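Observations on the three-dimensional arrangement
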Amino acid sequence: MSDDQGFSRRSALRTAGAAGAGLGIGALGTPAEAAQGDASAARQSASTAAPPRRGRTMIGVPFEERGTIRVGLVGLGRRGGSMIDLFLALEAVRVVALCDPVREKTERAAKKVTDAGQPAPALYTKGDHDFEKLCRRGDLDFVYVATPWDWHFEMAKAALKGGKHVGVECPIALEPGQLWELVDLSERTRRHCMQLENCVYGRNEMRVLRMAHEGLFGDLLHSAGAYLHDLRGLMFDPDYYEGPWRRKWHTRLRGDLYPNHGFGPAANYMDINRGDRAVRIATFGSPSLGLAAYREEHMPPGHESWKETYIESDMSISLVQTAKGRVVRLEHDVSNPHPYSRINALGGTKGVFEDYPPRIYLEPDMSGDQWGDFEQYKEYDHWLWKEHADPPGGHGGMDYIMLYRLTQCMRLGLVPDFDVYDAATWTSPVPLSHASVKAEGTPQEIPDFTRGHWRKKRPGADSEKPET
C-alpha cells in the first residue's frame with residue numbers, strides 16, 4: 001500500500017507536532033487547550049461552503065502530450081525507494097531529480113538510475129525544505145511524493161506552484177482547508193494534483209468496476225471498503241517507519257486515519273464525482289486499547305512511547321451517504337490482531353461481491369445459499385490487466401499498473417483517470433471522521449469539491465484502451 005516514509009527521523013518528529021497543531025486537535029496540550037482545539041477542528045470540518053473559484057475546473061483537462069516524462073521523486077524511504085524501480089521500468093520515463101534529507105538514500109536511488117542507463121539525477125539533500133528547489137526546476141514534468149503524511153500538503157503545493165503535475169501517496173492532506181487549497185491551486189496553475197491510490201488499480205477492483213458499469217449488479221445500493229492491517233509491530237519499529245511519526249497520529253485523531261484504500265474503489269464503483277457525490281459522513285469509534293496493550297507487553301521501561309497517550313479508535317466505522325441515497329461503509333483498524341483486509345464489497349439489486357476472499361452472488365447466474373466463483377467473470381478484467389497479466393512490483397502488481405496508466409496518459413496527452421477532486425473526496429474522511437467521532441457520531445457534511453460538476457457523467461478508471 002502506501003505507508004509513506006522517506007524523510008529523516010528529525011523531520012518526522014518536528015512535523016508530527018506541527019501537524020497536530022495545524023489540525024487544531026490539541027491532544028498533547030492541556031485539557032482546556034484540547035477542548036478548544038477539538039471545537040475548532042469540528043467547526044472547520046463541518047464547513048461545506050466552497051471558497052470562490054479563482055481558476056477553471058480541471059475536469060476533463062488532458063495532460064500535454066510529451067515524448068519523455070521527466071520525473072522528480074521526493075522521499076526515498078521504504079515506499080519511494082521501491083517505487084523508483086517501477087518508474088525506471090516504464091517506457092519514456094526519465095528520473096531527473098531525487099530528494100531526501102538522508103543523503104545515503106538519494107545516493108542509493110541515484111545508483112539505480114544510472115544502472116538503468118539514464119544520466120545521473122540531481123540530488124537534493126540539504127535539509128527538510130530542499131524539495132522546494134526540486135519543484136522549481138524547469139526540466140520536470142511530474143513530481144512524486146512519498147514522505148510522512150505531515151509533508152504531503154506542503155509538497156503538493158510546492159509542486160503545483162512550480163508548474164508541475166504532482167502525484168501524492170495517501171493521504172493527500174489532513175485538513176479540509178488544505179484540500180480546498182489544493183483544488184484551488186490545481187485549477188489556477190492548470191496542473192493535475194492526484195492521489196496515487198494504487199488500490200483502484202487492483203485486479204479485483206478493476207474487474208468489479210467493469211462489471212458494475214456493465215450492469216451485472218443492477219442498480220447499485222451499497223459498498224464497503226477498509227484498511228484492516230495489524231501494524232502494531234511496525235509502528236513500534238524505529239527502522240520501518242523511521243521514527244514515531246506514524247504512531248504519533250494515534251495520539252491526535254480518533255477517526256479513520258487511512259480511508260483512501262477503501263473509499264477510492266467504492267467511489268469508482270458508484271461514479272462519485274461522475275454522476276453521484278458523497279454528501280455526508282458519520283463515524284463511530286471504539287475505545288483505544290490496542291497500542292497501549294502492545295506497548296505494555298513489548299516496550300521496555302523508558303522507551304519514548306511511554307510518554308504517548310493514544311486516542312485513535314482501535315476500530316472506526318464510518319457510513320458515507322451519496323446524493324443518490326447509496327451508502328458506503330468504511331472501516332479502519334491497525335491496532336489489533338486481524339488478517340489483512342480491505343473488505344472491497346459492492347451490492348446492488350442483482351447481487352453482491354465481497355473480497356478477502358473474493359466471492360460473488362449474482363442473479364440469474366446463482367441461486368440458493370452458495371457463493372459463486374469470481375473467476376468465472378475474468379472476461380470482465382480491465383484491458384490494463386489483460387495487457388499486463390503478470391506486472392512487476394509489489395502489492396500484486398497494482399503499483400505498476402497505476403504508474404503505467406499515469407505515464408501512458410501523460411505520453412499520449414489523455415485526461416487522467418482521476419483528478420484533484422477525487423483526491424480531496426477520498427481523503428476528506430480523515431478530518432471529518434475525527435470531527436464526527438468527537439461529536440458522538442454527528443454526521444459531517446462532505447464538501448462538493450467539484451462545485452457542482454459532479455452531476456455530469458464522465459470517464460474514470462474504467463477507461464477504454466487508447467489507440468497508440
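Attention here is on the structure that accompanies the text. Since the structure is predicted, the reported quantities are computational estimates derived from the model, not experimental observations.

**Topic: the pattern of salt bridges**
- Under the definition given, this model contains 37 salt bridges.
- Salt-bridge contacts for Asp 141 lead to Arg 70; the nearest nitrogen and oxygen are separated by 3.0 Å. With a gap of 71 residues between them, Asp 141 in the loop between α5 (131-135) and β4 (142-145) and Arg 70 in strand β1 (residues 69-74) connect regions that are remote in the sequence.
- Residues Arg 451 and Glu 187 are paired through a salt bridge, measuring 3.2 Å at the closest nitrogen-oxygen approach. Here Glu 187 lies in helix α7 (residues 176-189) and Arg 451 lies in the segment after β14 (444-445), a separation of 264 residues in the sequence.
- By relative accessible area, which is 19% here, Arg 451 ends up buried.
- What makes Glu 187 buried here is its relative accessible area of 1%.
- Through salt bridges with shared partners, a single network forms among Glu 64, Arg 66, Arg 70, Asp 141 and Arg 191.

**Examining the sheet that holds strand β7 (residues 220-228)**
- Taken together, 8 strands build an open sheet; the order of strands is β13-β12-β11-β7-β10-β9-β8-β14 and the sheet is mixed. Looking at the sheet topology across the chains shown, the edges are occupied by β13 (359-362) and β14.
- Across the sheet, helix α11 (residues 260-269) touches β7, β8 (278-285), β9 (316-322), β10 (327-333) and β11 (345-348), and the angle it forms with β7 is around 160°.
- Sheet strands touched by helix α16 (residues 429-438): β8, β9, β10 and β14. Its angle to β8, the strand with the most contacts, is close to 55°.

**Observations concerning the environment of Tyr 269**
- Tracing the backbone shows Tyr 269 in helix α11.
- C-alpha separation for the pair Tyr 269 and Gly 460, spaced 191 residues apart in sequence, amounts to 10.0 Å.
- In contact with Tyr 269, not counting residues within four places along its chain, are Glu 205, Val 208, Leu 209, His 213, Leu 220, Ser 223, Asn 344, Ala 345 and Leu 346.
- A polar side-chain atom of Tyr 269 sits 2.6 Å from a polar atom in the side chain of Asn 344.

**Observations regarding the side chain of Glu 312**
- Relative to the elements of secondary structure, Glu 312 occurs in the loop between α12 (290-298) and β9.
- Buried Glu 312, no salt bridge; nearest opposite-charge side chain is Arg 246, N-O distance 7.4 Å.
- Apart from residues no more than four positions distant in its own chain, Glu 312 is found in contact with His 250, Leu 253, Arg 254, Gly 255, Leu 257, Ser 288 and His 332.

**A look at helix α4 (residues 103-115)**
- With 13 residues, α4 extends 18 Å from end C-alpha to end C-alpha; this agrees with the ideal 18 Å at 1.5 Å per step.
- Taken residue by residue, α4 has Lys 105, Thr 106, Ala 109, Ala 110 and Val 113 as its buried positions. Relative to the axis of α4, the buried residues are bounded by an arc of 130° and lie together on one face. Of the exposed residues in α4, the ones pointing more than 90 degrees away from its buried face are Arg 108 and Asp 115.
- On its buried side, α4 packs onto α3 (78-89), β2 (93-99) and β3 (122-124).
- Directly beyond the C-terminal end of α4, a positive phi value near 90° is found at Gly 117.

Conventions we followed
Residues numbered from 1 in each chain as written. Predicted model: local features only at pLDDT ≥ 70, side-chain atom pairs only at ≥ 80, totals over all residues. Heavy atoms only, no water. Salt bridge = Lys/Arg side-chain N within 4 Å of Asp/Glu carboxyl O. Helix = DSSP H or I, 4+ residues; strand = E, 2+ residues; numbered from the N terminus. Buried < 20%, exposed > 50% of the residue type's maximum accessible area, 1.4 Å probe, protein only. Pairing = 2+ DSSP bridges. Contact = heavy atoms within 4.5 Å. Axes fitted to C-alpha atoms, helices over the stretch in contact; angles between N-to-C directions. Polar contact = N/O pair within 3.5 Å; in protein donor to acceptor, adjacent residues only side chain to side chain. Lys, Arg positive; Asp, Glu negative; His and termini not counted. Expected span 1.5 Å × (residues − 1). Arc of directions from axis to C-beta.

None of the figures reported here should be taken as evidence of function without further support.
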